[in-house]
Amino acid sequence: KFLGSMYMSWEFDAFKLSDISCGHPLSTLGYYIFHTTGLIAKFNLKPVRLARYLRMAEAAYKDNPYHNKIHAADVLQTMSVILLRGGLVPHYADPLTHLACLLAAAIHDLEHVGYTNDFLIYSENPLAQLYNDRSPMENHHLAAAFALLRRPELNFISHFPRGDKEKLRKTMIELVLATDMKQHFSIHSQFSTVHRLATTATPIEVAAPQPQPPSQANGGRAQSLSRVLSSRGGTVRDAHPRSSMPETDRSMHGRHSGQAVLARDSVTRSAGSGPISAQSGSGSRENGVIMPLVHTPIDENERLLTLQVALKIADIGLIAEGLDVHIRWVYALESEFFNQGDLEKRNGMAVSPLFDRDKPGVSKSQPGFFDVIAWPMFHNFAHVFPNAKPMLELIATNYRYWKQRFPPAAPPSSTNGSPPTHSQLKLSKPSMAPADDAPAGRGSEDVA
């Protein structure tokens, strides 16, 4: 029941799934999604081998506070929702690519050791030596995943033509390697440039939707979408109340209109647990409103770039979860970072920024992470794929929480109550230099 009502929701509690699946969130969710999307039937996947593979992959995730099987399940669910409800299927992700994207999400942190790439490199870890200091963790995730797939009893794609195997492998490699946060600004810049968007987005306080009373939500969204569509030469075609269609029944396929695609066809599931099927002629709806236009790929490079961004968004999708779940993820990540900081201290190494448990950690730095890393990427992605805009509302809620909990320090004022002088402001300006006990850029970007 939980999966039936939540697996296609923008909000998802992977912790709850772990509890009700007796500690098997990834394999349970993975098999459910492969079945419900019709991929098992489409590719005649070997069900028993697929189930075994997912269980073995799940078991290969270590019991880290953050990079664990629950995180993998969370990323898989978010990636699936982005592909389907975000409008990337089928024009950015044909069935084989869809399969590759889901597999990439499921194994993207396989056998993660709980330490950052920088730590592995500076400590001369064997993984860093093996992969020549280039994305050692991401390369290892892929190598471990493909090693499992080579085992005959786990190889659920053994019957695939060679060309399909090569395409699936190439797509998985490109997507998982892109999750290295060292590549973040390069990938975000490429995506923004291709779509002629600024790399720095309007501040969250200005751009993000404000919470609305339920009585105003539909009307406000309809007006907002009307403005978006008008700017693109379209119209809001429908504003009826939400139909009785279950929340899980969302659209997969779209219709061509030049280089744009009208809202994806609505999706229905047959009675029981049958695969999702497309029902042409009706558009996807959110609160009774036909969603804005989405684009078909400009070329193969842009298609792959978009899928990379989609997985990157899923990888840090903790910022777009419900507040309680989001907070739990943040403190799990902080705990893992502190564990690395403790090891760095024991080894006489400089402690990475935000990794010292005796100092403020990533929880206090969340507003900065939102502003600099997360929001610009989510904002630009939702600009190109407006169906993904519900994520922005969740991000705004979580951002406001951290801003209220850790408000920025007030600028100094003079003793007589007049505005601070130039010298006072200069003295109070925070230093951009790295901390005395940590090299610049060491570990601070490894947040996903």
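Residues numbered from 1 in each chain as written. Predicted model: local features only at pLDDT ≥ 70, side-chain atom pairs only at ≥ 80, totals over all residues. Heavy atoms only, no water.

A. The environment of Ala-396, seen in detail. When you line up the elements, Ala-396 lands in helix α18 (residues 390–405). With 21 residues separating them in the primary sequence, Ala-396 and Trp-375 have C-alpha atoms 9.1 Å apart. (Helix = DSSP H or I, 4+ residues; strand = E, 2+ residues; numbered from the N terminus.)

B. Geometry of the packing of aromatic side chains. Going through the model one piece at a time under the given rule, you end up with 13 aromatic pairs. Ring geometry for Phe-43 and Phe-160: centres 5.5 Å apart, planes at 40 degrees, overall tilted. Taken together, the residues Phe-43 in helix α4 (residues 39–43) and Phe-160 in the loop between α10 (136–149) and α11 (162–177) connect sequence positions 117 residues apart. Residue Phe-43 shares its accessibility class with Phe-160, and that shared class is buried. Judged by centre distance (5.4 Å) and plane angle (65 degrees), the rings of Tyr-53 and Phe-156 are edge-to-face. Here Phe-156 lies in the loop between α10 and α11 and Tyr-53 lies in helix α5 (residues 47–60), a separation of 103 residues in the sequence. An identical accessibility class is assigned to Tyr-53 and Phe-156; each is buried. One aromatic cluster is present, built from ring pairs that chain together Tyr-92, Phe-191, Phe-381 and Phe-385. Positioned over the ring face of Phe-146 is Arg-169, at 4.4 Å from the centre of the ring. Its end group placed over the ring of Phe-15, Arg-328 keeps NZ or CZ at 4.0 Å from the ring centre. (Phe/Tyr/Trp six-rings, centres within 6.5 Å; stacked < 30°, edge-to-face > 60°. Buried < 20%, exposed > 50% of the residue type's maximum accessible area, 1.4 Å probe, protein only. Lys NZ or Arg CZ within 6 Å of the ring centre and 35° of its normal.)

C. Helix α7 (residues 95–107), seen in detail. Given a rise of 1.5 Å per residue, 13 residues ought to cover 18 Å, and the 19 Å separating the end C-alpha atoms of α7 matches this to within 8%. Among the 13 residues of α7, twelve are classified as buried, and the element is accordingly described as predominantly covered. Of the residues making up α7, those classed as buried are Leu-96, Thr-97, His-98, Leu-99, Ala-100, Cys-101, Leu-102, Leu-103, Ala-104, Ala-105, Ala-106 and Ile-107. (Expected span 1.5 Å × (residues − 1).)

D. Broad picture of the nonpolar core. Leu-99, Phe-378 and Phe-381 are the most contacted members of the largest nonpolar core, which has 108 residues in total. The contact partners of Phe-378, leaving out residues within four places of it in the chain, are Ile-313, Ile-316, Gly-317, Ile-319, Ala-320, Met-391, Leu-392 and Ile-395. Grouped together as the second largest cluster of nonpolar side chains are seven residues, Phe-119, Leu-127, Ala-128 and Met-137 included. (Core = buried A, V, L, I, M, F, W, Y, C linked by side-chain atoms within 4.5 Å. Contact = heavy atoms within 4.5 Å.)

E. Structural view of the pattern of salt bridges. This structure, assessed with the given rule, holds nine salt bridges. Across the salt bridge formed by Glu-153 and Arg-151, the nearest N and O atoms sit 2.9 Å from each other. Looking at Glu-153, the relative accessible area reads 33%, which means it is partly exposed. The salt bridge partner of Arg-357 is Asp-342, with a shortest N-O separation of 2.7 Å. Note that Arg-357 is positioned in the loop between α16 (323–346) and α17 (366–384) and Asp-342 in helix α16, a separation of 15 residues in sequence. Salt bridges sharing partners connect three or more residues here, namely Lys-345, Asp-356 and Asp-358. (Salt bridge = Lys/Arg side-chain N within 4 Å of Asp/Glu carboxyl O.)

F. Layout of unusual backbone geometry. The linkage connecting Val-89 with the following residue, Pro-90, adopts the cis geometry, with an omega of 5 degrees. By the secondary structure assignment, Pro-90 is in the loop between α6 (69–85) and α7. Within the chain, Cys-22 stands out as a residue other than glycine whose phi angle is a positive 60 degrees. If you trace the backbone, Cys-22 turns up in the loop between α2 (14–20) and α3 (25–36). Even without being a glycine, Asn-44 presents a positive backbone phi close to 50 degrees.

G. Just the environment of Leu-39, in detail. Assignment of secondary structure puts Leu-39 in helix α4. Between the C-alpha atoms of Leu-39 and Leu-96, which are 57 residues apart in sequence, the distance is 8.6 Å. Once residues within four sequence positions are removed from consideration, Leu-39 is found in contact with Phe-34, Leu-45, Pro-95, His-98, Leu-99 and Leu-102.

H. Molecular detail of the packing of helix α12 (residues 184–194) against α17. α17 packs onto α12 with a crossing angle of 25 degrees between their chain directions and a minimal axis gap of 11 Å. Taken together, the axis directions place α12 and α17 in an arrangement best described as roughly parallel. Between α12 and α17 lies a crossing whose hand is left-handed. On the side of α12, the interface is formed by His-184, Phe-185, His-188, Phe-191 and Ser-192, while α17 contributes Val-372, Ile-373, Pro-376, Met-377, Asn-380, Phe-381 and Val-384. By residue class, the composition of the contact of α12 with α17 is eight nonpolar, four polar and no charged. (Axes fitted to C-alpha atoms, helices over the stretch in contact; angles between N-to-C directions. Parallel < 35°, antiparallel > 145°, perpendicular 65-115°, else oblique. Left-handed = near helix turned anticlockwise from the far one by under 90°. Nonpolar A, V, L, I, M, F, W, Y, C, P; charged D, E, K, R; others polar.)

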